[in-house]
Amino acid sequence: MKFSIPKALDRKELIVFDLDGTLAKTKSAMDAEMNALFARLLVIRKVAVIGGGKYSLFRTQLLRSLRCPRRLLRRLFLFPTTSTSFYRYKSGWKNVYRHELSSRTREKIKLAFKDVFVAAGYVYPKKTYGRVIEDRRTQVTFSALGQNIVAVLGEKKGVALKEKWKRENTALKLKMAKLLAKRLPGLEVHAAGYTSIDVTAKGIDKAYGLRQIEKHLHVPIKKMLFVGDAIFPGGNDYAAKRTGVTCVAVRGPEDTKKLIRRIISAG
């Protein structure tokens, strides 16, 4: 995937980022350089973040180490679990909407995952860390190595194992996502992050998130820029392309830093 920066960045009013693999390494906090650049970006642009992780992960990866005046947080908008929920800052972070799946639907998804593992010949790793299938209520997520691998092993070792799994098993993950979509035609299936597959309600994906941004923030999609590391068929960022938004495909946080610097220099 070639990284390229589009022209006329000064015409974009709002920058929309994926989180895992774009702003931060998987399940890890943004590093000090990214935090500083992100804070500078908030001075000149509105910013939204859409990711497959739950809200608590957004707090850990993004908010906990972000250092900026509180007034700038009013320019930051969070869409966890693939935009199934929306948070904005008004004297604290407030939930604007939350689309929960029914308990019956969530159980149906879990059973479908198990069927797909058999059909695809998937073999669990010998060691996992935390839940492999996590019920996030608004979304059900499969994480091949477990939800807590980075928390348990630390960023260096945990991320390295996830990167290794991704290199060796992305084709298999995409195959499982395709099989799962056939078994769950009334739901959305997203191949997400390094090791994950997310399932949400029908019609809820990153395209939905962009339309919610347009609706709630009154910024037209043509005035947005979307940045993600999975803007390819089967990737969980690919749905954004359906809206016609200008997209930038990055290979990781270092590319994202280059883009943010360019936006800041464009003014």
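See the structure above.
Scoring rules and cut-offs
Residues numbered from 1 in each chain as written. Predicted model: local features only at pLDDT ≥ 70, side-chain atom pairs only at ≥ 80, totals over all residues. Heavy atoms only, no water. Helix = DSSP H or I, 4+ residues; strand = E, 2+ residues; numbered from the N terminus. Rg over C-alpha atoms; globule rule 2.2 N^0.38 Å. Buried < 20%, exposed > 50% of the residue type's maximum accessible area, 1.4 Å probe, protein only. Areas by Shrake-Rupley, 256 points an atom, 1.4 Å probe, with all protein chains shown as cover. Lys, Arg positive; Asp, Glu negative; His and termini not counted. Charge placed at Lys NZ, Arg CZ, Asp CG, Glu CD. Core = buried A, V, L, I, M, F, W, Y, C linked by side-chain atoms within 4.5 Å. Axes fitted to C-alpha atoms, helices over the stretch in contact; angles between N-to-C directions. Parallel < 35°, antiparallel > 145°, perpendicular 65-115°, else oblique. Left-handed = near helix turned anticlockwise from the far one by under 90°. Contact = heavy atoms within 4.5 Å. Nonpolar A, V, L, I, M, F, W, Y, C, P; charged D, E, K, R; others polar. Pairing = 2+ DSSP bridges.

Novice: Report on the overall build of the chain, specifying residues and quantitative values.
Specialist: Secondary structure summary: the chain contains nine helices and 11 strands in total. A compact globule built from 267 residues would reach a C-alpha radius of gyration of about 18 Å, and the chain, at 18 Å, matches this within 12%. Of all 267 residues assigned to the chain, the portion counted as buried reaches 56%. By element, 50% of the accessible surface of the chain is carried by carbon and sulfur atoms, the whole surface being about 12300 Å². One way to put it: in the chain the 55 positive side-chain charges average out to a point 2 Å from where the 22 negative ones average out.

Novice: Describe the environment of glycine 228, with residues and values.
Specialist: With respect to the helices, strands and loops of the structure, glycine 228 is situated in strand 10 (residues 224-228). When the C-alpha atoms of glycine 228 and valine 248 are compared, they prove to be 6.6 Å apart, with 20 residues separating the residues in sequence.

Novice: Talk me through the nonpolar core; I want residue IDs and the actual numbers.
Specialist: Across soluble globular proteins, nonpolar side chains have a tendency to be buried as a group. The biggest cluster of nonpolar side chains holds 37 residues, and the ones touching the most others in it are Phe17, Phe38, Val49, Leu76, Leu78 and Trp93. At six residues, helix 1 (residues 32-44) tops the list of elements feeding residues into this core. Formed by 29 residues, the second largest nonpolar core is a distinct cluster that contains Phe113, Phe142, Trp165 and Leu180.

Novice: Go over the packing of helix 5 (residues 103-120) against helix 7 (residues 155-183) with me, naming the residues and quoting the values.
Specialist: Taken N-terminus to C-terminus, the directions of helix 5 and helix 7 make an angle of 130°; their axes are 9 Å apart at the nearest point. Considered as vectors, helix 5 and helix 7 are oriented oblique to each other. For helix 5 against helix 7, the interelement crossing comes out right-handed. For the pair helix 5 and helix 7, contact is made by Ala112, Phe113, Asp115, Val116, Phe117, Ala119 and Ala120 and by Leu172, Lys175, Met176, Leu179, Leu180 and Arg183, respectively. Looking at the contact of helix 5 with helix 7 residue by residue, the class counts come to 10 nonpolar, no polar and three charged.

Novice: Please provide a residue-by-residue account of the sheet that holds strand 6 (residues 133-135), values included.
Specialist: Read across the sheet, four strands follow the order 6-7-9-8 without closing on themselves; strand pairing throughout is antiparallel. Both outer strands of the open sheet, strand 6 and strand 8 (187-192), are each paired with one neighbouring strand and no more. Between one strand and the next, the sheet's axes are offset by a mean angle of 20°, whatever the strand orientation. Sheet topology note: the strand 7 (residues 140-143)/strand 9 (residues 196-201) ladder contains four bridges and is antiparallel. Each bridged residue has a counterpart across the sheet, and for threonine 141 the counterpart in strand 9 is aspartate 198. The strands touched by helix 5 are strand 6, strand 7, strand 8 and strand 9; relative to strand 7, the strand with the most contacts, the crossing angle is about 25°. Taken strand by strand, helix 7 contacts strand 7, strand 8 and strand 9, and its axis lies near 175° from that of strand 8.

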